[in-house]
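Results of the structural survey
One-letter residues, chain by chain:
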Amino acid sequence: MSRPAIARIHLDHLRHNYRLLKSRSAKAKVMAVIKANAYGHEMFLVAPALLEEGCNSFAVTDASEGTELRSILGFYKKIQIVLLSGIFDAEDAELACQHQLTPNVTELRQIKLLQEAGFKGDVWIKIDSGMNRLGADKPKKLFEACHQAEINVCGLMSHLACADEPDHPMNRQQAERFNKLCDQIAPELPRSLLNSGGIISMPEYAFDVVRPGIALYGAEPVVERPIGLKPVMTLTGEIMQIRDISAGAPVSYGATFLAKQAMKIAVVGLGYADGVPRALSNHGQVFLNGCKQAIVGRVCMDYTMIDVTGTDAKPGDAVEFWGENILANDVASSLDTISYTLFTGVGERVRRKAVC
Ligand SMILES: Cc1ncc(COP(=O)(O)O)c(C=O)c1O
């Protein structure tokens, strides 16, 4: 048997989150963002569950992820697979043709590559509305180039820089800029602006398509405005050994933890190669048998040590690093990071197990 390093994927919670987001998005369609292996939740578990909920539009990063997703979902029901980063080369353009992928375009070069590959599908034009990340500066030029290349533009999208801060002035500035650009380029085309934070911060800009990612996986995107999302991933390891140590004894690499008194330490079989941030060393907490317990010493590649003094913890007990009892958002904020990095950092050797 392999190590019981498990990420339980609660598909019932995923479905709940999808329905909740849909209900908050007026008439907009949901394009589910499932790039980076569904933010570490395993695309082949997440995509079919969302499809069953009626979702038929998905966003991944590139042609390689798109090809994988197409093999999971098949070609039926006109499922749109959008490549948020577009295509990079001629091989990607071929893949887009073969697997009916819908690339974002941000550069004229991409339109040329698609044309040379004989692409007959749809593209989205991704516009920069102020974030200054990936997006077209001259979207009208791209729109005209698509028209000339007989490539159908199925919509215009942009992305918000500060959607998780509802009062940030950039939100409205970007939305208004995007709206104006859309009116100038092609008023009749579908528009898409909002990610998870945007759906909560500024639902009045839902337009035609919303693009939630993190909220689908149950992390509240706007911490001060929780909407009742349910955590989808529960990351657990198992206690392998219990050690009794005496006062003054060190724990783990670097002997950075020294016991102040006699203690009981549990060695848990989950470490940084599984996605437990090393920054949790001597800092974080886990959930065991109904209580929170402190992480002691440095997190190792395969192990994390926890203080179980005064408990009846035993080998074989499951230890939760995040999930329903310890929110990924709380772990992330204690490390000055975001839950996205925790989810996408869960290692390949952690088994994803669907809970329906
Ligand atoms: C273009 C685009 N749309 C939507 C999303 C989803 O964002 P979130 O996970 O914050 O909902 C992302 C994520 O990075 C993105 O890059």
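Residues numbered from 1 in each chain as written. Predicted model: local features only at pLDDT ≥ 70, side-chain atom pairs only at ≥ 80, totals over all residues. Heavy atoms only, no water.

1. Some remarks on the packing of helix α3 (residues 43–52) against helix α4 (residues 63–73)
So the rule is basically this: Lines are fitted to the C-alpha atoms to define the axes, a helix being fitted only along its stretch in contact, and any angle between axes, read from their N-to-C directions, falls within 0 to 180 degrees. Only DSSP runs of H or I with at least four residues qualify as helices, and only runs of E with at least two residues qualify as strands; both kinds are numbered from the N terminus onward. Roughly parallel means an angle under 35 degrees; roughly antiparallel means over 145; roughly perpendicular covers 65 to 115; every other angle is labelled oblique. Each helix crossing is assigned a hand: it is left-handed if the near helix lies turned anticlockwise from the far helix by less than a right angle, otherwise right-handed if that turn is clockwise. Note on contacts: a residue pair qualifies if any of its non-hydrogen atoms lie within 4.5 Å across the two residues.
Put simply, α3 and α4 touch, their axes get as near as 10 Å, and they point 55° apart. As judged from the angle between their axes, α3 and α4 are oblique. In terms of crossing hand, the pair formed by α3 and α4 is right-handed. Residues Met43, Phe44, Ala47, Pro48 and Leu51 of α3 form the contact with α4, whose own contacting residues are Glu65, Glu68, Leu69, Ile72 and Leu73.

2. Regarding helix α6 (residues 108–116)
This is how it is decided: Throughout this description, buried means an accessible area under 20% of the type-specific maximum (1.4 Å probe, protein chains only), exposed means over 50%, and partly exposed covers the range between. By arc we mean the arc of the directions from the helix axis to the C-beta atoms, nothing more.
Considered for burial, the residues of α6 that qualify are Gln110, Ile111, Leu113 and Leu114. On an axial view of α6, the arc spanned by its buried residues comes to 160°, and they lie on one face. More than 90 degrees from the buried face of α6, the exposed residues found are Lys112 and Glu116. Buried positions along α6 lie against α5 (90–98), β6 (102–105), β7 (122–126) and α7 (139–148). Within two residues after α6, Gly118 carries a phi angle of roughly 75°, on the positive side.

3. What about the packing of aromatic side chains?
Here is the rule: Aromatic pairs are defined between Phe, Tyr and Trp rings, using the six-membered ring for Trp, whenever the two ring centres lie within 6.5 Å; interplanar angles under 30 degrees are classed as stacked, those over 60 as edge-to-face, and all others as tilted.
All chains considered together, the criterion is met by four aromatic pairs. Ring geometry for Tyr39 against Tyr340: centres 5.9 Å apart, planes inclined by 35°, an arrangement best described as tilted. Linking Tyr39 in helix α2 (residues 35–40) with Tyr340 in helix α11 (residues 339–344), this pair joins segments that are 301 residues apart in sequence. According to the relative accessible area criterion, Tyr39 is buried, its value standing at 8%. When its relative accessible area of 33% is taken as the criterion, Tyr340 is described as partly exposed. Note on Phe178 and Phe207: the rings are 5.8 Å apart at their centroids and 70° apart in plane angle, and the pair reads as edge-to-face.

4. Regarding the domain arrangement of the protein
Counted only if it meets this: Marked domain ranges trace back to an automatic or database domain assignment. The term buried area refers to how much accessible surface (probe radius 1.4 Å) is lost by two components on association, counted for both of them together. Here a salt bridge means any side-chain nitrogen of Lys or Arg lying within 4 Å of a carboxyl oxygen belonging to Asp or Glu. Here the nonpolar group is Ala, Val, Leu, Ile, Met, Phe, Trp, Tyr, Cys and Pro; Asp, Glu, Lys and Arg are the charged ones; every other residue, Gly included, is treated as polar.
The domain boundaries assigned to the protein delineate domain 1 (31–216) and domain 2 (233–355). Using C-alpha coordinates to define each centre, domain 1 is positioned 38 Å away from domain 2. The interface is formed by seven residues belonging to domain 1 together with seven residues belonging to domain 2. When domain 1 packs against domain 2, close to 720 Å² is buried across both sides, 70% of that on carbon and sulfur atoms. Together, Tyr39, His41 and Ile214 form the three largest contributors to the area buried by domain 1 at its contact with domain 2, with a combined 57%. Our count for the domain 1 to domain 2 interface comes out at zero salt bridges. The biggest single contributor to the side of domain 1 that touches domain 2 is α2, with three residues. Of the residues contributing to the side of domain 1 that touches domain 2, the split by class is four nonpolar, two polar and one charged.

5. Brief notes about a negative patch on the surface
Rules: Put simply, a patch holds well-exposed residues, over 30% relative accessible area, that have no salt bridge, with like charges counted together within 9 Å and Val, Leu, Ile, Met, Phe, Trp or Tyr side chains within 5 Å. Computed by Shrake-Rupley with a 1.4 Å probe, the accessible areas treat only the displayed protein chains as cover when residues are assessed. In this charge count, Lys and Arg are treated as positive and Asp and Glu as negative; neither His nor the chain ends contribute. Lys charges are placed at NZ, Arg charges at CZ, Asp charges at CG and Glu charges at CD.
On the surface, Asp164, Glu165, Asp167 and Glu224 cluster together into a negatively charged patch. The residue Glu165 is located in the loop between β8 (152–157) and α8 (169–185) in this model. The exposure class assigned to Glu165 is partly exposed, which follows from its relative accessible area of 41%.

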